[in-house]
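Chain by chain, the residues:
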Amino acid sequence: MDTLRFYFVTWNVATKSPGQDLNSLLDFPSQFNKNKPLPDFYVIGLQEVKSQPQNMVMDSLFTDPWTSTFNKILCRQGYIIAKSIRLQGILMLVYTQMKHVTHLRYIEAQYTKTGLGGLWGNKGAVSVRFNIYGCSICLVNCHLTAHEHLLADRINDYNTIIKQHLYHVTETSNILYHDYVFWLGDLNFRTDHPAGASPSSEEIVAALRTVEKDKYTSLLRHDQLVAAMEAGEAFSEFTESEIRFPPTYKFNIGTDDYDMKRKPSWTDRILYKVIANNYENITLRADVISYNHLPHYIVSDHKPVVAQFFVKIPCALALSHDASTPSAGRSAVRMRAALVPAAVLTAELVSFEDSCAYSEAVTTDECSEAVESLADVPATETFSNYTEKTVEFAPVRRIWYIGDADFRTTTGSARAHVSHDAADFHNLDDYIAYEYLAKVAVPEAVTASGQPRTITLSFPVGSGVRTPGFYRFIYFSQPSNDVRSVLGISEPFEVSRKEDRLVAIDPCEQASTSGRAGQAKPTTATTDLFSDFTGLDVAKLSRHFSNDLSID
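All figures in this text were calculated on a predicted structure; none of them were measured in a lab. (Residues numbered from 1 in each chain as written. Predicted model: local features only at pLDDT ≥ 70, side-chain atom pairs only at ≥ 80, totals over all residues. Heavy atoms only, no water.)

(A) Seen up close, the overall build of the protein. Scanning the protein for helices and strands turns up eight helices and 22 strands. For the protein, the residues scored as buried account for 53% of the 552 residues in total. Put simply, of all contacts in the protein between residues at least 6 apart along the chain, 73% involve residues at least 24 apart. Approximately 23500 Å² of the protein is accessible, and the part contributed by carbon and sulfur atoms is 49%. (Helix = DSSP H or I, 4+ residues; strand = E, 2+ residues; numbered from the N terminus. Buried < 20%, exposed > 50% of the residue type's maximum accessible area, 1.4 Å probe, protein only. Contact = heavy atoms within 4.5 Å. Areas by Shrake-Rupley, 256 points an atom, 1.4 Å probe, with all protein chains shown as cover.)

Below, the structure is given as structure tokens:
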């Protein structure tokens, strides 16, 4: 089996804005370990992101400072947000490397409110679930009821979330049904000593100073979460790696000193659950690489907690595609694992009447510029019943000029969106324009032959692509408004103004004269490059993007 590396962060940020550099929070390679591998996924769960009732509309329209800061760091390293969800101050961001995007299936986000008896979202949980390489994964970020004496309310919060948090994918409609579940957040469980023997905050801090070799066993015997798990009252299905760090709450903001008004507690936790034998001949496993806190962050009264896992997956497709290698898209599985910048084809962000999950459509057009094929991709022999529906775009061989009568490309079926392929592309939910592909009958001859099925997309004038730059198409299949899968992503193509071309020679014109000796290659207008944008031929890109993109 192959392995995916997941990096988790949970942090109650106490309504503060990022005031410290976050690179070390994400454990990025430094000058001393430049070859350290990057995770396949970053899962960031924040609590108490500033969100006041009067700001809810603004929060829905603009990116919060924390997300913006993480985007600046991660997206320049080739990550994008596969999915994000926010419930008032509870925020989850799921970043993935580009090479995995076209293997994401049935992406869905959900939330459950538990504040004020389920009426308010200051407490509760958000989650993102998806399938990848044959496995189902569920990621949960929560903020449970506070205060030491409200243990019963925290237990009730957990059971409410488990009961009410439901998904549309039948096989994994409940959190606990997934192959892998990672549950992080401010669980708010405190230390609870026997009546008459409860030490003061000062006594607990003094005891912490005597701990040797990060052995906190004697103090953790009084941890409410450990007791609830052992009693089967909450989180009994989960496992937690050994805690070898001091309590992460409560600190005086701006210092490393505990606030003596609260007893130091391990409120911030990362738990996991694995259904190891869910498949024949395969044993799933999550191996803990590290589990720790980061004490040098002082902008909040909580310390962030981070964990890394190796997650075993049964499908060998995981290592067979590398978005940074152009030839990878021509593998036996006929799939390109590139990533979607600002121009993309998406099927979730637009309302539509028909369920277009893997719908089949065939049309032809002599003006088509790209071809997308729909193919079943088998997995390994040990997981031979698993297949992926995939879509492939042929290269767009000409520049899309703003103001052209229309721009046409060929694809399989479902819906297509256009997104910007620039350093400011952060999220699969970002798009510029879209085209929905309705179901049509597939000729029997095409079906019997097993040949790729192709259709033509046409993006008319006013489709929203008004900014020069490099774009991609993304192909989504969406069986419902809440669930979607990424089936394919195109190579970058150029959009330009006729009066201000980014490239001096149209690629089509160059191709027609490529046989001439000494023919000069097109030159770009500038050499200001995004050299860290994985999957792009960045040596040929220019920085010609406006700050704002118009969306129709």
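Now that the structure is up, let's keep going.
(B) Summary view of the sheet that holds strand β2 (residues 41-47). Strands sit in the order β3-β4-β2-β1-β11-β10 across an open sheet of six strands; the sheet is mixed. Only two strands of the sheet have a single partner each, and these edge strands are β3 (79-87) and β10 (286-293). Across this sheet, the average inter-strand angle for adjacent strands is 15°, counted without regard to direction. Two strands pair when backbone bridges link them, and β10 and strand β11 (residues 305-313) are joined in this way by seven bridges, in the antiparallel orientation. Bridged to N292 within β11 is V306. Sitting on the sheet, helix α2 (residues 65-74) is in contact with β1 (2-12), β2, β3 and β4 (90-97), with an inclination near 10° to β4. (Pairing = 2+ DSSP bridges. Axes fitted to C-alpha atoms, helices over the stretch in contact; angles between N-to-C directions.)

(C) Broad picture of empty space enclosed by the protein. Evaluation of the coordinates by the stated rule reveals two cavities of 30 Å³ or more. If you add up the space inside the second largest cavity, you get close to 30 Å³. If you go around the second largest cavity, the residues you meet are T191, H193, I204, L219 and W266. The residue makeup of the lining of the second largest cavity, split by class, is three nonpolar, two polar and no charged. (1 Å grid on protein atoms, 1.4 Å probe; cavity = no way out; pocket = protein on both sides within 12 Å on 5 of 7 lines; lining within 4 Å. Points joined across faces, edges and corners; volume = space filled by probe spheres on them. Nonpolar A, V, L, I, M, F, W, Y, C, P; charged D, E, K, R; others polar.)

(D) Molecular detail of the pattern of salt bridges. Evaluation of the coordinates by the stated rule reveals nine salt bridges. We note a salt bridge from D223 to R269, for which the minimum N-O separation is 3.0 Å. Pair noted here: D223 is in the loop between α5 (217-220) and α6 (224-231) and R269 is in strand β9 (residues 268-274), with a separation of 46 residues, a long-range link. Counted as one network, the salt bridges with shared partners bring together K215, E242 and R244. (Salt bridge = Lys/Arg side-chain N within 4 Å of Asp/Glu carboxyl O.)

(E) Structural view of the packing of aromatic side chains. Throughout the structure, instances matching the rule amount to 27 aromatic pairs. Their ring planes at 40° and their centres at 4.1 Å tell us that Y158 and F235 sit as a pair that is tilted. With Y158 in helix α3 (residues 151-164) and F235 in the loop between α6 and β9, this pair connects stretches of sequence that are 77 residues apart. Residue Y158 is classed as buried on the basis of its relative accessible area of 2%. Every member of this aromatic cluster is reached through a ring pair, and the members are F6, F8, F41, F130, Y180, F182, Y272 and F309. Directly above the ring of F189 sits R154, whose terminal nitrogen or CZ lies 5.5 Å from the centroid. Just above the ring of F251 sits the side chain of K303; from NZ or CZ to the centre is 4.6 Å. (Phe/Tyr/Trp six-rings, centres within 6.5 Å; stacked < 30°, edge-to-face > 60°. Lys NZ or Arg CZ within 6 Å of the ring centre and 35° of its normal.)

(F) The arrangement of α2 in detail. Burial in α2 covers these residues: W66, T67, F70, N71, I73 and L74. Projected onto a plane normal to the axis of α2, the buried residues spread over an arc of 165° and lie on a single side. Along its buried surface, α2 packs onto β1, β2, β3 and β4. (Arc of directions from axis to C-beta.)

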